[in-house]
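So the chains spell out like this:
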Amino acid sequence: MTLQLPDAQGGLRTYEPRTEPLALAPGASFTSRTVFSAAHVVADPYADVSPDAPAAVDWDATLAFRRHLWSHGLGVAEAMDTAQRGMGLDWAGAAELIRRSAAEARAVGGRIACGVGTDQLTAPASLAEVRAAYEEQLALVEESGAQAILMASRALAAAARGPEDYLEVYGHLLRQAAEPVVLHWLGPMFDPALEGYWGSADLDAATDTFLEVIAAHPDKVDGVKISLLDARREIDLRRRLPGGVRCYTGDDFNYPELIAGDDHGFSHALLGIFDPLGPLAAQAVRVLDTGDTEGFRALLDPTVELSRHLFQAPTRFYKTGVVFLAWLAGHQSHFTMVGGLQSARSLPHFARAYELADTLGLFPDPKLAEERMKTLLALYGVAR
């Protein structure tokens, strides 16, 4: 069987799907790296909601996907940007997601870390209001038993007058954190409202402020997540971290080389692309656990083309491709997204994502993926 897939030039090309998936078995957690997948949320397709209404979540399917990731040894990074937070999932929905996922993690022995932000603020806020919003979310995450990830805040970016405000707010939060947290530096390619975070649009100056926050509270920082899509900058920052503070790569363009590392160190991982790549990524890290860096790269390097495709500009819409692949892989019964974001990418984009994922053998049932791709093509008017 072949498919006629649309290309970026407005034509059709013939593609022959593969017939066998990769053999990717569940397994235990890893020994050489700590690896989180930023897991997506499954929307309720039967809910009568508009894109700007509070999200309706299919909790059974959402939690089932987390069990899938845990079964392969991956940790789950919950209520992060892959969960459409700030783009359809409001704080009330995120809070419910954190509670449910943390309870599920306890039940099955899965590792979980949850995003702490300020998205309950809906209007311009003062620094005091930003601190209070962070505190509310931090308390909920700690009460759930999950590790906290202090995410970048749009409200703080708008309220801060300079680096000193970031030092004050983050210092306040770290002093009261019960356990070491992960600090998340999310670049403006993911969220334009975060331009100039850490008090400067000059990334060298911003890095200095970021490191100053960590140096003042090294016992309260488990690690940092860097999402700037700049491998050289991440490596330079990684080498400047205090001893014991981990670097979790969030670079969905250059993750194999950053996780593999060099003579001076390596990055752990907290990645959106490890949502669709979960089983394959887990197998690659298990190979790395044996000291076989070449084998690790041989498995993971071929996935970079798919990741760069999903995360192409505008990068903030990468989650559309992530959910699309989850539907094709059979992890959910539909292609509906929180906030209506299934419309955020084009048919040629979906077609290329399908082709790249199928070539990698990511679909447990290639025939199901092929039939669902045909359904999508038919909806767009491509003749079967």
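Residues numbered from 1 in each chain as written. Predicted model: local features only at pLDDT ≥ 70, side-chain atom pairs only at ≥ 80, totals over all residues. Heavy atoms only, no water.

What exactly am I supposed to notice about the side chain of His-40 here?
Note on placement: His-40 falls in the loop between β3 (35–38) and α1 (59–71). For His-40, a relative accessible area of 0% corresponds to the buried category. Side chain to side chain, His-40 and Asp-275 meet in a polar contact 2.8 Å long. Here the side chain of His-40 touches Gln-332 through a polar contact of 2.8 Å, side chain to side chain. (Helix = DSSP H or I, 4+ residues; strand = E, 2+ residues; numbered from the N terminus. Buried < 20%, exposed > 50% of the residue type's maximum accessible area, 1.4 Å probe, protein only. Polar contact = N/O pair within 3.5 Å; in protein donor to acceptor, adjacent residues only side chain to side chain.)

When you look at the pattern of salt bridges in this model, what are you seeing that I'm missing?
When the charged atoms of two side chains lie near each other, side chains of opposite charge can form a pair. Scanning all chains against the criterion turns up 22 salt bridges. In this structure, Arg-66 engages Glu-78 in a salt bridge whose closest nitrogen and oxygen atoms are separated by 2.4 Å. Here the residue Arg-66 occupies a position in helix α1, and Glu-78 occupies one in strand β4 (residues 75–78), the gap between them amounting to 12 residues. Judged by relative accessible area, which is 0%, Arg-66 ranks as buried. A salt bridge links Asp-222 to Arg-246; the shortest N-O distance between them is 3.6 Å. Here Asp-222, found in strand β8 (residues 221–227), pairs with Arg-246, found in strand β9 (residues 246–249); they are 24 residues apart in sequence, far enough to count as distant. Residue Asp-222 is classed as buried on the basis of its relative accessible area of 13%. We classify Arg-246 as partly exposed; its relative accessible area is 27%. The network of salt bridges with common partners includes Arg-13, Glu-305, Arg-352 and Glu-355. (Salt bridge = Lys/Arg side-chain N within 4 Å of Asp/Glu carboxyl O.)

Sorry if this is basic, but what is going on with α1 here?
An α-helix turns once every 3.6 residues. As a result, residues three or four positions apart point the same way. Taking 1.5 Å per residue as the helical rise, α1 with its 13 residues ought to reach 18 Å, and the 18 Å between its terminal C-alpha atoms agrees with that figure. Taken together, the buried positions of α1 are Trp-59, Ala-61, Thr-62, Leu-63, Phe-65, Arg-66, His-68, Leu-69 and Trp-70. Turning to α1, the residues buried within the fold contact β3, β4, α2 (91–108), β5 (112–116) and α9 (278–289). Its side-chain oxygen 3.3 Å from the backbone nitrogen of Asp-60, Asp-58 forms the N-cap of α1. Trailing α1 by a residue or two, Gly-73 shows a phi angle of about 90°, which is positive. (Expected span 1.5 Å × (residues − 1). Contact = heavy atoms within 4.5 Å.)

I tried to follow the environment of Val-285 on my own but got confused; where do I start?
Tracing the backbone shows Val-285 in helix α9. Here Val-285 falls in the buried class, since its relative accessible area comes to 0%. Linking Val-285 and Ala-216, residues 69 residues apart in sequence, is a C-alpha distance of 33 Å. Here Val-285 is in contact with Phe-30, Ser-32, Arg-33, Val-35 and Phe-296, once residues within four sequence places are set aside.

I would appreciate a short explanation of the nonpolar core in the present structure.
Most often, soluble globular proteins keep nonpolar side chains buried together rather than apart. Core analysis: the largest hydrophobic core is formed by 119 residues, its most contacted members being Leu-183, Tyr-197, Phe-274 and Phe-324. In terms of residues, this core owes the most to one element, helix α13 (residues 347–360), which gives 8 residues. If we skip the residues at most four places from it in the chain, Phe-324 touches Phe-335, Phe-350, Ala-353, Tyr-354, Met-373 and Leu-376. Listed in part, the 10 residues of the second largest apolar core include Phe-36, Ala-38, Ile-149 and Tyr-248. (Core = buried A, V, L, I, M, F, W, Y, C linked by side-chain atoms within 4.5 Å.)

Please clarify how the sheet that holds strand β6 (residues 147–150) should be interpreted in this entry.
Sheet strands pair via backbone hydrogen bonds, and the direction of the pair is either parallel or antiparallel. Here we have 8 strands rolled up into a closed barrel, ordered β3-β4-β5-β6-β7-β8-β9-β10, and parallel in their pairing. If you compare each strand with its neighbour and ignore which way they point, the axes differ by 25° on average. Across 4 bridges, β8 lies against β9 in parallel orientation. Its bridge partner lying in β9, Val-224 is registered against Cys-247. On the sheet, α1 packs against β3, β4 and β5 and is oriented at approximately 140° with respect to β4. (Pairing = 2+ DSSP bridges. Axes fitted to C-alpha atoms, helices over the stretch in contact; angles between N-to-C directions.)

I'm lost on helix α5 (residues 163–176) in this one. Help?
The first and last C-alpha atoms of α5 sit 20 Å apart over 14 residues, in line with the 20 Å expected at 1.5 Å per residue. Turning to α5, its buried residues number three or more, namely Asp-165, Tyr-166, Val-169, Tyr-170, Gly-171, Leu-173 and Leu-174. On the buried face of α5, the contacting elements are α3 (127–144), β6, α4 (154–159), β7 (181–186), α6 (203–216) and β8.

Sorry if this is basic, but what is going on with the pairing of β8 here?
Each regular strand shows side chains that alternate between the opposite faces of the sheet. Most of β8 is tucked away, with 7 of its 7 residues classed as buried. Handedness of the β-α-β unit built from β7, α6 and β8 comes out right-handed. With respect to chirality, the unit in which β8 leads through helix α7 (residues 231–239) into the neighbouring parallel β9 is right-handed. (Right-handed = clockwise from strand over helix to strand, strands pointing away.)

Purely geometric numbers; function is a separate question.
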